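# Structural overview
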Amino acid sequence: MKRIWTPSWVLFSGGICFLFLAGFCWLIEIKGWKKWSFPLVVIGMNSIAAYCMAHLFERFFIDSFRINLGPHVFEIFGSGVQPFVQGWALLACFWAILYWMYRRKIFLRI
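Report follows, based on the coordinates. (Residues numbered from 1 in each chain as written. Predicted model: local features only at pLDDT ≥ 70, side-chain atom pairs only at ≥ 80, totals over all residues. Heavy atoms only, no water.)

### Overview of the packing of helix 3 (residues 47-56) against helix 5 (residues 82-103)
One way to put it is that helix 3 packs onto helix 5 with a least axis distance of 11 Å and a crossing angle of 145°. Crossing geometry of helix 3 relative to helix 5 is assigned as right-handed. Contacts between helix 3 and helix 5 pair A49, A50, M53 and A54 from the former with F94, I97, L98 and M101 from the latter. (Axes fitted to C-alpha atoms, helices over the stretch in contact; angles between N-to-C directions. Helix = DSSP H or I, 4+ residues; strand = E, 2+ residues; numbered from the N terminus. Left-handed = near helix turned anticlockwise from the far one by under 90°. Contact = heavy atoms within 4.5 Å.)

### Examining the packing of helix 2 (residues 38-45) against helix 5
Remark: helix 2 packs on helix 5, axes separated minimally by 9 Å, with the N-to-C direction vectors making an angle of 75°. Between helix 2 and helix 5, the angle falls in the class roughly perpendicular. Each of F38, P39, V41, V42, I43 and M45 in helix 2 lies in contact with helix 5, whose residues at this interface are L91, W95, L98, Y99 and Y102. Looking at the contact of helix 2 with helix 5, its residues break down into 11 nonpolar, no polar and no charged. (Parallel < 35°, antiparallel > 145°, perpendicular 65-115°, else oblique. Nonpolar A, V, L, I, M, F, W, Y, C, P; charged D, E, K, R; others polar.)

### Focus on unusual backbone geometry
Its identity is not glycine, yet K105 carries a phi of approximately 55°, on the positive side. Within the secondary structure layout, K105 lies in the segment after helix 5.

### Topic: the pattern of salt bridges
A side chain with one charge may pair with a side chain of the opposite charge, provided their charged atoms come close. Taken as a whole, this structure holds 1 salt bridge when the rule is applied. R59 is paired through a salt bridge with D63; the nearest N and O atoms lie 3.8 Å apart. Here R59 pairs with D63, and both are found in helix 4 (residues 58-69), just 4 residues apart, close to one helical turn. According to the relative accessible area criterion, R59 is partly exposed, its value standing at 48%. Since its relative accessible area comes to 33%, D63 is described here as partly exposed. (Salt bridge = Lys/Arg side-chain N within 4 Å of Asp/Glu carboxyl O. Buried < 20%, exposed > 50% of the residue type's maximum accessible area, 1.4 Å probe, protein only.)

### Here's the deal with the nonpolar core
Soluble, globular proteins show a tendency: their nonpolar side chains are buried together. In terms of nonpolar packing, the biggest core is built from 14 residues, with F74, L90, F94 and L98 touching the most fellow members. Within the residue set of this core, elements represented by two or more residues are helix 3, helix 4 and helix 5. Contacts of L98, omitting those with residues within four sequence positions, involve V42, I43, N46, A49, A50 and M53. (Core = buried A, V, L, I, M, F, W, Y, C linked by side-chain atoms within 4.5 Å.)

### Let's talk about the packing of aromatic side chains
Following the criterion strictly, the structure yields 11 aromatic pairs and no others. With a centroid separation of 5.5 Å and an interplanar angle of 80°, the aromatic rings of F65 and F74 are classed as edge-to-face. Among the residues examined, F65 registers a relative accessible area of 18% and is labelled buried. Feature note: the residues F38, W95, Y99, Y102 and F107 constitute an aromatic cluster, connected by ring pairs. (Phe/Tyr/Trp six-rings, centres within 6.5 Å; stacked < 30°, edge-to-face > 60°.)

The values reported here are purely geometric and, on their own, carry no functional implication.
Structure below.
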């Protein structure tokens, strides 16, 4: 069995993550470009709720889409991109709930 998480891959992927973090810090903190990051702020302010929704309600939302919109609702652009469309539909629903919580200042905290 081939190991996926080899030490070299961990260092490489960690380095890429740090480059993204540095780039986002530069764009938001130094350049002051903050408006484009609002969708990420909505998710970040209630990340515990987002995590719980993703693990507890994913099947419910997928089944609701299929019951109310048809069994092939996610195959609108073809069966090859069905997981992609399904993921975006779930993300949109979860984000709408998180936005509702954000607007009403409902935040889950530990």
